[in-house]
Amino acid sequence: MNIKRNIHIALKTRKYKGKQIIENLPIRIRVSYDSKRLEILTGYSVDLVMWDEEAQRGKKNTVNRKKEKASDINAFLNKACYEIDEAFKEFEVVDRIPTKKELEETYLRRMEGRVPDKKIRKVSRFWSAMNQFKITESKKNSWQYSTIQKFNTLEEHIKAYK
């Protein structure tokens, strides 16, 4: 199975009192697939003048307010796009289209140690392990779709109990 997807990196635009803000804009990654859209904030921000819209990356030899180089930010964005593609491949192997939540958790697991927000990583660690278990074991043991659904239902019940 090949999941068609589109990954677009852009600045999250904002307005204040009706005026467009052009400084310190968060960088987001928008993933569109199977009539779903997942938005991931990267934890990086840049000014509008530092952003190359066509390349979807920071302009060379620029630095943001936190003194982070555009080359470092761009390297992170390249790695993030690669890991999103790899996350999709994990689901393609088991011939299944992921939910937005599953895709995000798989992405966060793959980016472990690279995502700026530590709080998000801690919360999703268990669910990332659970997703990895489902993916690995379903391949190894040739699980039926109904078995995978049972694990997904169990996950929903545990989250609802929380």
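Before going into details, it helps to say that this report is about the structure given with it. (Residues numbered from 1 in each chain as written. Predicted model: local features only at pLDDT ≥ 70, side-chain atom pairs only at ≥ 80, totals over all residues. Heavy atoms only, no water.)

**Things to note about the sheet that holds strand β1 (residues 5-11)**
The three strands lie next to each other as β1-β4-β5, forming an open sheet whose pairing is antiparallel. Edge strands, defined here as strands with exactly one partner in the open sheet, are β1 and β5 (36-46). The sheet shows a mean angle of 15° between the axes of neighbouring strands, direction not considered. Helix α2 (residues 100-110) rests against β4 (25-33) and β5 of the sheet, and its axis sits at about 35° to β5. (Pairing = 2+ DSSP bridges. Helix = DSSP H or I, 4+ residues; strand = E, 2+ residues; numbered from the N terminus. Axes fitted to C-alpha atoms, helices over the stretch in contact; angles between N-to-C directions. Contact = heavy atoms within 4.5 Å.)

**What about the packing of helix α1 (residues 70-93) against α2?**
One way to put it is that α1 packs onto α2 with a least axis distance of 9 Å and a crossing angle of 125°. As summarised for this structure, α1 and α2 are arranged oblique, according to the angle between their axes. For the crossing formed where α1 meets α2, the hand is right-handed. Counting all contacts with α1, which are made through F76, A80, E83, I84, E86, A87, F88, E90 and F91, the residues of α2 involved are E102, L103, T106, Y107, R109 and R110. Across the contact of α1 with α2, the residue classes break down as eight nonpolar, one polar and six charged. (Parallel < 35°, antiparallel > 145°, perpendicular 65-115°, else oblique. Left-handed = near helix turned anticlockwise from the far one by under 90°. Nonpolar A, V, L, I, M, F, W, Y, C, P; charged D, E, K, R; others polar.)

**Points about helix α4 (residues 145-161)**
Here α4 is 17 residues long and its end C-alpha atoms lie 25 Å apart, about the 24 Å a rise of 1.5 Å per residue gives. Three or more residues of α4 are buried, namely I148, N152 and E155. The buried residues of α4 occupy an angular sector of 55° when projected down its axis, which confines them to one face. For α4, exposure combined with an orientation more than 90 degrees from the buried face picks out K150, H157, A160 and Y161. (Expected span 1.5 Å × (residues − 1). Buried < 20%, exposed > 50% of the residue type's maximum accessible area, 1.4 Å probe, protein only. Arc of directions from axis to C-beta.)

This is a description of form; function is not addressed.
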